[in-house]
Amino acid sequence: MRSRRCRSSREKKEKKEKAKSQNSRPVFWSPAAESRTTGDLASQASAIAYRLNGENLEPMGAVTMTVNMTYLGEALGGLPLSPSVYAMIADQHGQVMMMTSRARETIFHKNMSESQIRNPQNQPPCRADQINDAGCWWDAPKPLTLFDAQKEGFSGINFEDMLLTVFNESHDHQCSSGVRTWTLDVPNCGCGQDCSCQHLAVFCRLLAYPEWAIFLVAPLEELQGAAIFTVDKENITLDKIDKKKKVYEDNIVVQNTGRVKLPFTATVSAGKGDNMSGITVEPANGTLSPGENTTLALKFNLSTFGYGTSSGTVIVQPDLSDDVGNCFRTRTSTRFSFTRQKKPQTLLQVSGISVSVIATVVLFIILYRVVSSFLRKYYDDMAKEHSTIAKALQATQELSFPMVLLKVATFKKHGKFVAFEDILNESLWLHTIQDIDDFLTKDIKNKLGKKNKVIFMSHQWTAFSEPDHTGEQYKGMVEAVDTVINQNNWDTEDTYVWLDYSSIPQRHRPSQTAAINSLTVYAAKVSAFIVVAPKVDHKDLEGVLCDEDTYKKRAWCRAEQLSHLLAQAGDNMFLAKKKRPSQSMPGFLRLNDEPAWLEQSIEVFKGELTCCRRKHVGMDMCDRERLVVPMLGLWAQLCRTIRSQADESERKDESEASADDKRAFADLKEIHQHLSERINEVFPETFSYEFENGSEERPLFGKLVQRLQEHLDKEALQPKEEKKEKHWSKLRIATKMARLPANGGRRLSQALRSSMTT
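### With respect to the overall build of the protein chain
Logical step 1: Scanning the protein chain from N- to C-terminus turns up 23 helices and 28 strands.
Logical step 2: Out of the 758 residues belonging to the protein chain, those deemed buried represent 42%.
Logical step 3: Counting only contacts in the protein chain whose residues sit at least 6 apart along the sequence, the fraction spanning at least 24 positions is 67%.
Logical step 4: Summing over all exposed atoms, the protein chain offers an accessible surface of approximately 41,300 Å²; the carbon and sulfur share of this is 50%.

### Quick look at helix H22 (residues 704-716)
Logical step 1: With 13 residues, H22 ought to run about 18 Å at 1.5 Å a step, and its terminal C-alpha atoms sit 18 Å apart, in line with that.
Logical step 2: Of the positions making up H22, those classed as buried are Leu704, Val705, Arg707, Leu708, Leu712 and Glu715. Down the axis of H22, the buried set is contained in an arc of 160°. They therefore lie on one face.

### With respect to the packing of aromatic side chains
Logical step 1: A full pass over the atoms with the stated rule returns 20 aromatic pairs.
Logical step 2: On the basis of an interplanar angle of 75° and a centroid distance of 6.3 Å, the ring pair of Phe417 and Tyr474 is categorised as edge-to-face. Taken together, the residues Phe417 in the loop between helix H8 (408-413) and strand E19 (428-430) and Tyr474 in helix H10 (residues 472-488) connect sequence positions 57 residues apart. Both residues of the pair, Phe417 and Tyr474, belong to the buried class.
Logical step 3: Of the aromatic side chains, those joined through ring pairs into one cluster are Phe456, Trp498, Tyr522 and Phe529.

### Observations regarding the sheet that holds strand E7 (residues 197-205)
Logical step 1: Pairing is antiparallel across the open sheet formed by five strands, whose spatial order is E5-E4-E8-E7-E6. With one partner strand each, in any of the chains shown, strand E5 (96-99) and strand E6 (180-186) form the two edges of the open sheet. Along the sheet, successive strands turn relative to each other by an average axial angle of 25°, direction set aside.
Logical step 2: As defined by bridge partners, strand E4 (residues 86-91) adjoins strand E8 (residues 212-219) across six bridges and the pair is classed as antiparallel. Residue pairing for E8: Ala90 is matched across the bridge by Ala213.

### So, the nonpolar core
Logical step 1: If you look at the biggest cluster of nonpolar residues, it comprises 74 residues, and the most contacted ones within it are Met403, Val454, Trp498, Tyr522, Met631 and Phe701.
Logical step 2: A total of nine residues in this core trace back to one element, the largest contributor, which is helix H19 (residues 628-651).
Logical step 3: Leaving out residues up to four positions away in the same chain, Trp498 has contacts with Met403, Val404, Leu405, Val454, Ile455, Phe456, Met457, Ser503, Ile504, Leu519 and Tyr522.

### Quick look at the pairing of E5
Logical step 1: Across three bridges, E4 lies against E5 in antiparallel orientation. Counterpart to Ile89 in the pairing with E5 is Met98.
Logical step 2: As consecutive antiparallel partners, E4 and E5 are separated by four residues, and within that stretch Gly94 has a phi angle of approximately 85°, a positive value.

### Brief notes about the pattern of salt bridges
Logical step 1: If you walk through the whole model with that rule in mind, you get 29 salt bridges.
Logical step 2: Between Lys413 and Glu426 there is a salt bridge, with the nearest N and O atoms lying 2.5 Å from each other. With a gap of 13 residues between them, Lys413 in helix H8 and Glu426 in the loop between H8 and E19 connect regions that are remote in the sequence.
Logical step 3: Judged by its relative accessible area of 29%, Glu426 falls in the partly exposed class.
Logical step 4: The residue Asp491 makes a salt bridge to Lys450 at a minimum N-O spacing of 3.7 Å. Highlighted residues: Asp491 in the loop between H10 and strand E21 (495-499) and Lys450 in the loop between helix H9 (433-441) and strand E20 (453-458), separated in sequence by 41 residues.
Logical step 5: You can call Asp491 partly exposed: its relative accessible area is 31%.
Logical step 6: A single network of salt bridges, built from pairs that share partners, joins Glu603, Lys606, Arg678 and Glu681.

### Side note on the packing of helix H15 (residues 555-568) against helix H16 (residues 595-602)
Logical step 1: The geometry of H15 relative to H16 is characterised by a closest axis approach of 8 Å and an angle of 105° between their N-to-C directions. With respect to their mutual orientation, H15 and H16 come out roughly perpendicular. Across the interface between the two elements, Arg558, Gln561, Leu562 and Leu565 of H15 pack against Trp597, Leu598, Gln600, Ser601 and Ile602 of H16.

### Structural notes on unusual backbone geometry
Logical step 1: The peptide bond linking Glu282 to Pro283 adopts the cis configuration, its omega dihedral lying at -5°.
Logical step 2: Here Pro283 lies in the loop between strand E13 (279-282) and strand E14 (285-288).
Logical step 3: One non-glycine residue, Asn122, lies in positive phi territory at about 55°.
Logical step 4: As for its position among the elements, Asn122 is in the loop between helix H4 (114-118) and helix H5 (160-166).
Logical step 5: Backbone geometry places Asn489, a non-glycine residue, at a positive phi of 55°.
Logical step 6: Here Asn489 lies in the loop between H10 and E21.

### Regarding H9
Logical step 1: Turning to H9, its buried residues are Ile433, Ile436, Asp437, Phe439 and Leu440. In a view along the axis of H9, the buried residues occupy a sector of 165°, so they form one face of it.

### Looking at the side chain of Asp250
Logical step 1: Relative to the helices and strands, Asp250 is located in strand E11 (residues 247-256).
Logical step 2: Only 2.9 Å separates the side chain of Asp250 from the side chain of Tyr248, close enough to count as a polar contact.

### Some words on the confidence of the model for the protein chain
Logical step 1: Of all residues in the protein chain, 73% have pLDDT values of 70 or greater, and the mean over the chain is 76.
Logical step 2: Note that residues 33-45 has pLDDT below 50 and, in this model, 34 contacts with residues that lie over four places away or in other chains.
Logical step 3: Note that residues 65-71 has pLDDT below 50 and, in this model, 23 contacts with residues that lie over four places away or in other chains.

### Remarks on the state of the cysteines
What makes a disulfide is a covalent bond joining the sulfur atoms belonging to two cysteines.
Logical step 1: Considering all chains together, one arrives at zero disulfides under this definition.
Logical step 2: Here Cys611 is not disulfide-linked; the sulfur of Cys622 is the nearest cysteine sulfur, at 3.8 Å.
Logical step 3: Overall, the relative accessible area of 5% leaves Cys611 in the buried class.

### As for the sheet that holds E11
Logical step 1: Strands sit in the order E9-E11-E15-E13 across an open sheet of four strands; the sheet is antiparallel. Both outer strands of the open sheet, strand E9 (229-231) and E13, are each paired with one neighbouring strand and no more. Pairwise comparison of adjacent strand axes, ignoring direction, gives a mean angle of 25° for this sheet.
Logical step 2: As judged from the nine bridges shared by E11 and strand E15 (residues 293-301), these two strands associate in the antiparallel manner. When the sheet's bridge partners are listed, Glu249 is paired in E15 with Lys299.

Rules behind the numbers
Residues numbered from 1 in each chain as written. Predicted model: local features only at pLDDT ≥ 70, side-chain atom pairs only at ≥ 80, totals over all residues. Heavy atoms only, no water. Helix = DSSP H or I, 4+ residues; strand = E, 2+ residues; numbered from the N terminus. Buried < 20%, exposed > 50% of the residue type's maximum accessible area, 1.4 Å probe, protein only. Contact = heavy atoms within 4.5 Å. Areas by Shrake-Rupley, 256 points an atom, 1.4 Å probe, with all protein chains shown as cover. Expected span 1.5 Å × (residues − 1). Arc of directions from axis to C-beta. Phe/Tyr/Trp six-rings, centres within 6.5 Å; stacked < 30°, edge-to-face > 60°. Pairing = 2+ DSSP bridges. Axes fitted to C-alpha atoms, helices over the stretch in contact; angles between N-to-C directions. Core = buried A, V, L, I, M, F, W, Y, C linked by side-chain atoms within 4.5 Å. Salt bridge = Lys/Arg side-chain N within 4 Å of Asp/Glu carboxyl O. Parallel < 35°, antiparallel > 145°, perpendicular 65-115°, else oblique. Polar contact = N/O pair within 3.5 Å; in protein donor to acceptor, adjacent residues only side chain to side chain. pLDDT = per-residue confidence, 0-100. Disulfide = S-S within 2.5 Å.

What follows is the structure, encoded as structure tokens:
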């Protein structure tokens, strides 16, 4: 019994020592298969573990690790937007979760492999017998991140600002709410020592895993060539039209030479004095895939052409009713020219018929055609004029686009101008004129006697593509806002800022035009109008200094000033002067004290415009034409105000009106009289439209002011219940709100009279 127990104890001890011996033997690893990326972008790695048994290695088992990312990266990397498009998924630290092969080669260098990103030093893992070997690794090596792209030998791209933007705390860049764009400079793009390229990045954060974001990037130059149409004919010319021929037919071939599917529209633009009603284009719109073409059939009804040369243009341009059409910005066109000659008749051709009868018939036919052509053109022009007047009147009574405001705290928080699209979630929208009136005139909830205030910031752009490239205008605006608030004892929390770059859409042209049509309402309704124009060198124009003088010459700046001037008589219009070292706050100059300044602001259409300076390349129309509707509406509103207040004064005792009301009305009446005397200068009938190779005279206001006056005269005769007029007091919501400096200045009427005598 004792012998059996001893043997059992001995066996246990031997097994224990054997197990201890086995555990002390080193473990060796070797790859079971190469790390690979499968068809669904699943990164997979396998390894086998071994132990030494004498001189032989015994396998212990295998470990396989699979990380399945997504199909999305390679799918996006294959989009036809650009031959060099690349995609990646990364976190806020620049750690790459997935990167297409083209992304590796673009960001780092050609033939860059995934293993080189994961293991930049290309060191193998250490074995058990390599404890002190520096040529291998025990801890996983630190992989390359997007921040390493700036190291020598790589692309030099700086991803820091883009990553800070996409991974902000607000989570407002998630893929569910749309994508954002970012322009990246690529210093080492292979174009030479002294140049750099730009890539456009589209990004958003993954909804299921917001710690990661997906980025789709392509060279900007290639994207600009992704949406292009061409036509096979530049000109169609018919020198002599046979008098018997009634219809001429031709065609042009339109081809999509870009890389994306695009919608288009085809329209006809008439030359000066020509009527294009007899020209049809079929099809007038459509969609073409890359490389696809279509034939546009042109049909000219020659009977609608008068004698002499008629010309025009068939324009193929984007269909903006389709969102994809906004990708296609450059229009293409075919010019056409027809010459119609009258063939003289001889006595031989009219033998047997009285020459006087023939002459009478011919004269009647010519007269008929001339009168018909004149009447047709007259009624066409009348229809266009009535349409424009209707839009102008509507612009004074309805907002085409909401008034978008920023709280002062929000304006200061960002430390720079922020684009409309990038600050949507932090802005306040007022959708109707009544909303604006209520916002400014009604007491704030739980703050009896307190009302909201709005400061309109007027400035000039110091670069073609950005409004304030140095940040000097932003600093001046912050100082001006603080001064207005302090000197008027306003509450910062109840004060708002209107700024064009943050309050008007910058990327969607139709929405931008709608907001511009409402610009006069925005400027008319505010509590203070502040001009900020520090001295700044223009970024794109060598030797051009932006300052007060250049501000006064800008047409858009004049339009903003005139809008406020005609609505509020200029009582609260100021120029912010730069703060001197001895001053605690910047100074202000009341524009009523500057008659020459006010006189220039009246001449809106003599002001300078960037579109004219750039010869309207790639543009559909001049900004002067875009200003016609809001400026005409502004004049209509002033005329209505003067007439309405005059009628009201006749019905009421003059003593009922306050001194401020009397003064403001007197100033508005003075402005109305001053503009009436210079109506053709303020609203010119035509203007010179400049091309790359010349210019042409185009209609601007034409007879619109005269037609508007006729409409207002008829409106005055309507019964009171049928009139659609704004009450005069509503136009002067904010005239008493800002009074800087405290000692006041000259009345506007005095300033205008002074400017007329100088």
